[in-house]
Amino acid sequence: MGSITGPEPPLADARVTLRAWEDGDVAWLARESRDPDVPRFTNVPEGNTEADVRAFLLAQGPLQARGEELHLLAVETTSGERIGPVGLHHADWRHRTGEIGYWTARAARGRGLTTAAARLLCAWALGPLGLERLELRADVDNHASQRVAEKLGFTREGLLRGAEARQGGRRPVIVFGLLSGELT
């Protein structure tokens, strides 16, 4: 598999649109990622700056060109309000697997928008993109992310002890799996 190109037309429904990152999103991403829950539950570093965000986005080009990752921004379809990043990570074309990840800006939480955004990405990844299995990892204390996984039809498959390094230590994560045809 070569480069993963963003879906064309962009993935969208009545509530959420997934689009490519734009220069105007950098300051927003840096600001929102400094919410303490973002580095607590994700691999986003504490104290993320605009320079950090630009470096991250620049590093994604080669990963996308190799067919390994695709990072998009979820926005509300009608208002254009930013919801948060959603992406496909660690695509393995030999095994047709990948992992999805996301986080949600504080103002967009609790409204079902992340579930809608992740559903769009999963449907595309398991459909037109051609993957057959997706994984989702959620910190054991991130109950909101676990609820998103369950709403999408992911199956809780197990606990990975000390799987991720964040905030001064190794954190356990719950791994969820979704096969083609299981998306709800």
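As shown above, the structure is provided for reference.
Residues numbered from 1 in each chain as written. Predicted model: local features only at pLDDT ≥ 70, side-chain atom pairs only at ≥ 80, totals over all residues. Heavy atoms only, no water.

Undergrad: I tried to follow the pairing of strand E5 (residues 133-139) on my own but got confused; where do I start?
TA: Look at any regular strand and the pattern is simple: side chains alternate between the two faces of the sheet. Within E5, five of the seven residues are buried, which leaves the element mostly enclosed by the surrounding structure. Crossover strand E4 (residues 97-102) to E5 through helix H4 (residues 113-126) is right-handed. Pairing geometry for E5 and strand E7 (residues 169-179), over seven bridges, is antiparallel. Bridge pairing in E7 places Ala138 opposite Ile174. (Buried < 20%, exposed > 50% of the residue type's maximum accessible area, 1.4 Å probe, protein only. Helix = DSSP H or I, 4+ residues; strand = E, 2+ residues; numbered from the N terminus. Right-handed = clockwise from strand over helix to strand, strands pointing away. Pairing = 2+ DSSP bridges.)

Undergrad: For this particular structure, what's the right way to read the sheet that holds strand E1 (residues 16-19)?
TA: Hydrogen bonds between backbone groups are what pair the strands of a sheet, and the pairing can be parallel or antiparallel. Overall, mixed pairing links the seven strands, which are arranged E1-E2-E3-E4-E5-E7-E6 in an open sheet. Single-partner strands in this sheet number two, and they are E1 and strand E6 (155-166). Each strand axis lies, on average, 30° off the axis of its neighbour in the sheet, ignoring direction. Pairing analysis gives six bridges linking strand E2 (residues 70-76) to strand E3 (residues 82-92), with the strands arranged antiparallel. Of the residues in E3, the one forming a bridge with Leu70 is Leu88. Against the sheet, H4 engages E1, E2, E3, E4, E5 and E7, with an angle of about 55° to E1. Together, E4, E5, E6 and E7 form the strand contacts of helix H5 (residues 143-151), whose direction differs from that of E5 by roughly 155°. (Axes fitted to C-alpha atoms, helices over the stretch in contact; angles between N-to-C directions. Contact = heavy atoms within 4.5 Å.)

Undergrad: Sorry if this is basic, but what is going on with the layout of surface pockets here?
TA: One simple way to see leftover space: roll a probe sized like a water molecule over the atoms. Size it by volume and the second largest pocket reaches roughly 220 Å³. If you go around the second largest pocket, you meet 14 residues; those closest to its centre are Ala20, Trp21, Leu57, Gln64 and His71. Listed by contribution, the elements that provide at least two residues to the lining of the second largest pocket are helix H3 (50-65) and E2. By residue class, the composition of the lining of the second largest pocket is six nonpolar, five polar and three charged. (1 Å grid on protein atoms, 1.4 Å probe; cavity = no way out; pocket = protein on both sides within 12 Å on 5 of 7 lines; lining within 4 Å. Points joined across faces, edges and corners; volume = space filled by probe spheres on them. Nonpolar A, V, L, I, M, F, W, Y, C, P; charged D, E, K, R; others polar.)

Undergrad: Before we go on, may I ask you to explain the packing of helix H1 (residues 26-33) against H3 in this structure?
TA: Helices that pack against each other are described as a pair by the angle of their axes relative to one another and the distance between those axes. Running from amino to carboxyl end, H1 crosses H3 at an angle of 115°, the nearest separation of the two axes being 8 Å. Classified by the interaxial angle, the pair formed by H1 and H3 is roughly perpendicular. Where H1 crosses over H3, the two elements pack in a sense that is right-handed. Taking contact as the criterion, the partners of Val26, Ala27, Leu29 and Ala30 in H1 are, on H3, Glu50, Val53, Arg54 and Leu57. Split by residue class, the contact of H1 with H3 holds six nonpolar, no polar and two charged. (Parallel < 35°, antiparallel > 145°, perpendicular 65-115°, else oblique. Left-handed = near helix turned anticlockwise from the far one by under 90°.)

Undergrad: Help me understand H3, please; the structure alone is not making it clear to me.
TA: Structural remark: α-helix, 3.6 residues per turn; residues separated by three or four positions point the same way. With 16 residues, H3 extends 23 Å between its outermost C-alpha atoms, agreeing within 8% with the 22 Å of an ideal straight helix rising 1.5 Å per residue. Inspection of H3 places Val53, Gln60 and Leu63 among the buried residues, and these make up the whole buried set. Considered in projection along H3, the buried side chains sweep an arc of 75° and stay on one side of the axis. For H3, exposure combined with an orientation more than 90 degrees from the buried face picks out Ala51 and Leu58. Elements in contact with the buried residues of H3: H1 and E2. Gly67 sits one or two positions beyond H3 and adopts a positive phi of about 80°. (Expected span 1.5 Å × (residues − 1). Arc of directions from axis to C-beta.)

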